[in-house]
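Take a look at the letters that make up each chain.
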Number of protein chains: 2
Amino acid sequence: MKDDHDKEVLASLKKYVALVEEDLYQPKPRYLDAFFFPNEKNVDRIVQYLSKATKSLKICVFNITNDRLANAIADAHKRGVQVRLISDDECMHNPGSDVSWLSSQGVPIRTDDNEQNHMHNKFAIIDDTHLITGSFNWTVQAGKSNQENVLVVDNPYYIEKYNTEFENLWKGFAAN
Amino acid sequence: MKDDHDKEVLASLKKYVALVEEDLYQPKPRYLDAFFFPNEKNVDRIVQYLSKATKSLKICVFNITNDRLANAIADAHKRGVQVRLISDDECMHNPGSDVSWLSSQGVPIRTDDNEQNHMHNKFAIIDDTHLITGSFNWTVQAGKSNQENVLVVDNPYYIEKYNTEFENLWKGFAAN
Ligand SMILES: [Zn+2]
Ligand SMILES: [Zn+2]
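Residues numbered from 1 in each chain as written. Chains lettered and ligands numbered in written order. Predicted model: local features only at pLDDT ≥ 70, side-chain atom pairs only at ≥ 80, totals over all residues. Heavy atoms only, no water.

A few points about the overall build of chain A
Here is step 1 of the chain: On a plain count of helices and strands, chain A comes out with seven helices and eight strands.
Here is step 2 of the chain: The C-alpha atoms of chain A give a radius of gyration of 21 Å, which is well past the 16 Å a tight globule of 176 residues would have.
Here is step 3 of the chain: When burial is assessed residue by residue, chain A has 52% of its 176 residues classed as buried.
Here is step 4 of the chain: For chain A, the accessible surface area stands at approximately 8400 Å², while carbon and sulfur atoms represent 50% of it. (Helix = DSSP H or I, 4+ residues; strand = E, 2+ residues; numbered from the N terminus. Rg over C-alpha atoms; globule rule 2.2 N^0.38 Å. Buried < 20%, exposed > 50% of the residue type's maximum accessible area, 1.4 Å probe, protein only. Areas by Shrake-Rupley, 256 points an atom, 1.4 Å probe, with all protein chains shown as cover.)

Set out below in structure tokens:
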């Protein structure tokens, strides 16, 4: 080592490498996941994600008729998770929809109010750390009969974008 | 520097840091993206992704009625990109569907053959490097009127899973 400057470089490199190693080998919990339907067991994977929520649950889904998913949402609300739900107005008033039931359980709900348009999203942001999205409506039909995909991402890039969209829709839609 | 061992450590650290820096500051093209509808301009973002395909395009969408997206698929096929399309049987036979037209243009197409079930996916894998998915059907209504989300991911974890699902569906569905 030639001089003090080299010593400094080595010290700062070592610190840098330690930081990188910590990040690489002791990463924060990752939520990379992807699964497909029809597959009734994969409905439980979504239930699992909902049941692990500890802080907030922002759900924006076209339709909910699957009672296992509706119960998981109600359970989160009961244990003090901040739950908010955006859904489609026509779907909400369909017989068999669980959205009205969730409203009766005290879950704050907003919908669009346009018969021609669909609030067609099917995503959920859990604890502001991971996002579940895809083609899958939270219905019995989708889990049992349809070809569908769901992916879970945890890159903050997506969380931020979907959070902003959720808040925009929440502001734009009326309370029910 | 005390001895040759320290010199080695410094050399290997410098190399390591250089590699990390290259990875951090000169990364391979990333495809992190997310956008929302209704927004006609965001249809063009999907068109852009399709128009940049150079090798393969695996598309698995419930319904296509948006001519801009259909043309982008036909253009890719014409310039030699390996295009394959999976869609829903009922949607394909709807008036206004572009799926039959794409078939007449020589694009290989497969669909489910079950009236009760829906091939409800809406994803595309481009050049085996990035995946476009979300709630958005490739229709005029979805772009102009609906609340919809699309995200683009490039983590090989997702590419591999969706590739496997695409090939499974392709094998399971009949040619049209
Ligand atoms: Zn509506
Ligand atoms: Zn079908």
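This is not the end of the story, as more comes after the structure.
Considerations on the coordination of the zinc ion (ligand 2)
All names here are of chain B.
Here is step 1 of the chain: Of the protein atoms, only Asp-88 (OD), Asp-89 (OD), Glu-90 (OE), Glu-90 (OE), Asp-112 (OD), Asn-114 (O) and Asn-117 (O) coordinate the zinc ion (ligand 2), at distances of 2.3 to 2.7 Å.
Here is step 2 of the chain: Each donor residue of the zinc ion (ligand 2) lies on the same chain, and together they follow the pattern D-D-E-x21-D-x1-N-x2-N. In this pair, Asp-89 is assigned in helix α4 (residues 89-93) and Asp-112 in the loop between β4 (109-111) and β5 (122-126), connecting sequence segments 23 residues apart. (Donors = N, O, S within 2.8 Å, 3.2 Å for Na, K, Ca; no water.)

A few points about the pattern of salt bridges
Here is step 1 of the chain: In the structure shown here, the tally under the stated rule is 14 salt bridges over all chains.
Here is step 2 of the chain: With a shortest N-O distance of 2.6 Å, B:Asp44 and B:Arg68 are connected by a salt bridge. Of the two residues, B:Asp44 sits in helix α2 (residues 40-51) while B:Arg68 sits in helix α3 (residues 67-78), which places them 24 residues apart along the sequence.
Here is step 3 of the chain: In this structure, the salt-bridge partner of B:Lys58 is B:Asp128, at a minimum N-O distance of 2.6 Å. With B:Lys58 in strand β2 (residues 56-61) and B:Asp128 in the loop between β5 and β6 (130-134), the pair connects residues that are 70 residues apart, well separated along the chain.
Here is step 4 of the chain: Owing to a relative accessible area of 39%, B:Asp128 belongs among the partly exposed residues under this scheme.
Here is step 5 of the chain: A cluster of three or more residues bridged by salt bridges with shared partners is formed by A:Glu40, A:Asp44 and A:Arg68. (Salt bridge = Lys/Arg side-chain N within 4 Å of Asp/Glu carboxyl O.)

A short note on the interface of chain A and chain B
Here is step 1 of the chain: Counting from both sides, the interface comprises 48 residues of chain A and, opposite them, 48 residues of chain B.
Here is step 2 of the chain: Summed over both sides, the interface between chain A and chain B buries roughly 3900 Å², with carbon and sulfur atoms accounting for 58% of that surface.
Here is step 3 of the chain: When the area that chain A buries against chain B is broken down by residue, the three leading residues are A:Phe36, A:Gln147 and A:Tyr158, summing to 16%.
Here is step 4 of the chain: Summed over the shared surface of chain A and chain B, the result is zero salt bridges.
Here is step 5 of the chain: If you look at where chain A meets chain B, you find 26 residue pairs in polar contact (both at pLDDT 80 or more). (Contact = heavy atoms within 4.5 Å. Buried area = accessible area lost by both parts, 1.4 Å probe. Polar contact = N/O pair within 3.5 Å; in protein donor to acceptor, adjacent residues only side chain to side chain.)

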